[in-house]
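Overview (structure and organization)
Chain by chain, the residues:
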Amino acid sequence: MTETDLVPVFDGHNDTLLRLYQSKDKDVEKLFVEGKSGGHIDLPRAKAGGFAGGMFAIFPPPVEKARRSAVPLAPSDSEPLPPEVPRADALNSTIAMASILFRLERAGALAVCRTAGDIYNAMAKGTIAAVFHIEGVEAIDPDLTMLDVLHAAGLRSLGIVWSRPNAFGHGVPFRFPSSPDTGPGLTDAGKALVKACNELKIMIDLSHLNEKGFRDVADLSDAPLVATHSNVHALCTHSRNLTDWQLGAIRESGGMVGLNFATGFLREDGRMNADTSLDIMVRHVDSLLQALGEDGVGLGSDFDGAMIPAVIGDVAGLPKLIDALAARGFGRALIEKIAYRNWLRMLERTIG
């Protein structure tokens, strides 16, 4: 496949800003623009793989004294929730990663997009279209004053929780096998956050949120329900994956789901194992299409945040998944919907 034949991919989730933030190389602009070994996304590999843009997540990492592997190395049905992150620590890391995003923009590596129109313009110019996203809103105070500041800076999408509790709700622990019904619903502050996001046109990401919190968002939000990087619970019974009723609620709202490439959320055995086939990924896509329809499915790779199948390797390997969808009999129009058109349509409806 030549570069001119590449199907553009707009991706629902990556953790590249976290990787750059934690890098020992402080010249992160050069690290991203020139491309070096390690990680999943940089500019040269993005061009090679047809990566047109996506939600660039800011994830406040655990504080150093509590740091451990974010995801358990082996499946467990009793994995506890990671501890909360103090707001001061989360605020520092969130602002630092936002700074990296804007520095990359100044370096010409990407464009921070605040509207769907901005995304179309960036793609037309061949520039990576980056949507400012936060995964776990520990940096935001319960009074939501910081939400206004971040929105003014360009925030257009957020996941209320990562897989840990905060002032707004509870995430799901990394349990397998497990349902996502693992704790209480949104707090009063979380419910106020949902309403504020609707008013500000900030898309709400349901990935990592537990079942009761999901129900609260579904009851409160007037926007389509979206899970940027989640898979099908019926195929992999991990707490991070979406059950039949959750998929039904997403479809009823006109929402969508992005396929997560993390092997532990794809495989029937719940294991993080890079020796995971493209066929398993395509099976999840098939199941999502059956549950949501062809307008409700996209990609949400979790690049730079998870172990992905070795057959893909990094962002340059995206054409292999596209080819696997074509080999399964998906036509060009459906592949384009999954690869980018559905996300752009959804962002038109949510962020404007």
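Residues numbered from 1 in each chain as written. Predicted model: local features only at pLDDT ≥ 70, side-chain atom pairs only at ≥ 80, totals over all residues. Heavy atoms only, no water.

Under an unreviewed UniProt entry, the name given to the chain is Dipeptidase, and the source organism is Mesorhizobium huakuii.

1. Here's the deal with the side chain of Ser-178
Stated precisely, the cut-off is as follows: A run of DSSP states H or I qualifies as a helix once it reaches four residues; a run of E qualifies as a strand once it reaches two. Both are numbered from the N-terminal end. To sort residues, take the accessible area from a 1.4 Å probe on protein chains only and compare it with the maximum for the residue type: under 20% means buried, over 50% means exposed, and anything in between is partly exposed. Only heavy atoms enter the contact rule, under which two residues are in contact if any of them lie within 4.5 Å.
Take Ser-178: it is sitting in the loop between strand S5 (155–159) and helix H7 (188–200). Using a relative accessible area of 14% as the deciding quantity, one classes Ser-178 as buried. Not counting chain neighbours up to four residues away, the residues in contact with Ser-178 comprise His-233, Thr-237, His-238 and Ser-239.

2. Overview of the packing of aromatic side chains
The geometry of an aromatic ring pair is captured by the separation of the ring centres together with the interplanar angle, meaning the angle of the planes. Keep this limit in mind: The aromatic pairing rule takes the rings of Phe, Tyr and Trp, using the six-membered ring of Trp, and pairs them if the centres are within 6.5 Å, calling planes under 30 degrees apart stacked, those over 60 edge-to-face and the rest tilted.
Applying the stated criterion across every chain, the model contains 7 aromatic pairs. Plain terms: the ring middles of Phe-59 and Trp-162 are 4.8 Å apart, the flat faces sit at 50 degrees to each other, and that makes the pair tilted. Highlighted residues: Phe-59 in the loop between strand S2 (51–58) and helix H4 (87–106) and Trp-162 in the loop between S5 and H7, separated in sequence by 103 residues. Centre to centre, the rings of Trp-162 and Phe-174 are 5.5 Å apart; their planes meet at 55 degrees, and the pair counts as tilted. In this pair, Trp-162 is assigned in the loop between S5 and H7 and Phe-174 in the loop between S5 and H7, connecting sequence segments 12 residues apart.

3. Concerning the packing of helix H10 (residues 278–292) against helix H11 (residues 318–327)
What counts is decided by this rule: In this description, a line fitted to the C-alpha atoms serves as the axis of each element, helices being fitted only across the stretch in contact, and the angle between N-to-C directions of two axes falls anywhere from 0 to 180 degrees. Each crossing gets its handedness from the near helix: less than a right angle anticlockwise from the far helix is left-handed, clockwise is right-handed. Following the grouping adopted for this structure description, the nonpolar residues are Ala, Val, Leu, Ile, Met, Phe, Trp, Tyr, Cys and Pro, the charged ones are Asp, Glu, Lys and Arg, and the polar ones are all others, Gly among them.
In contact at an axis separation of 10 Å, H10 and H11 are set at 65 degrees when each is read in the N-to-C sense. With respect to the hand of their crossing, H10 and H11 are arranged in right-handed fashion. Taken together, the residues of H11 that come into contact with H10 (itself represented by Leu-278, Met-281, Val-282 and Val-285) are Lys-320, Leu-321, Ala-324 and Leu-325. Residue composition of the contact of H10 with H11, grouped by class: 7 nonpolar, no polar and 1 charged.

4. Looking at the side chain of Asp-42
Heads up, the rule is: Here a polar contact means two N or O atoms within 3.5 Å. Within protein one must be a hydrogen donor candidate and the other an acceptor candidate, and residues neighboring in sequence count only if both atoms are side-chain atoms.
Secondary-structure assignment places Asp-42 in the loop between helix H2 (28–34) and helix H3 (43–49). On the basis of relative accessible area, Asp-42 is assigned to the buried category, the value being 3%. Among the polar contacts made by the side chain of Asp-42, one reaches the side chain of Arg-45 at a distance of 2.8 Å. Residues within four places of Asp-42 in sequence aside, it is in contact with Leu-31, Phe-32, Gly-35 and Lys-36.

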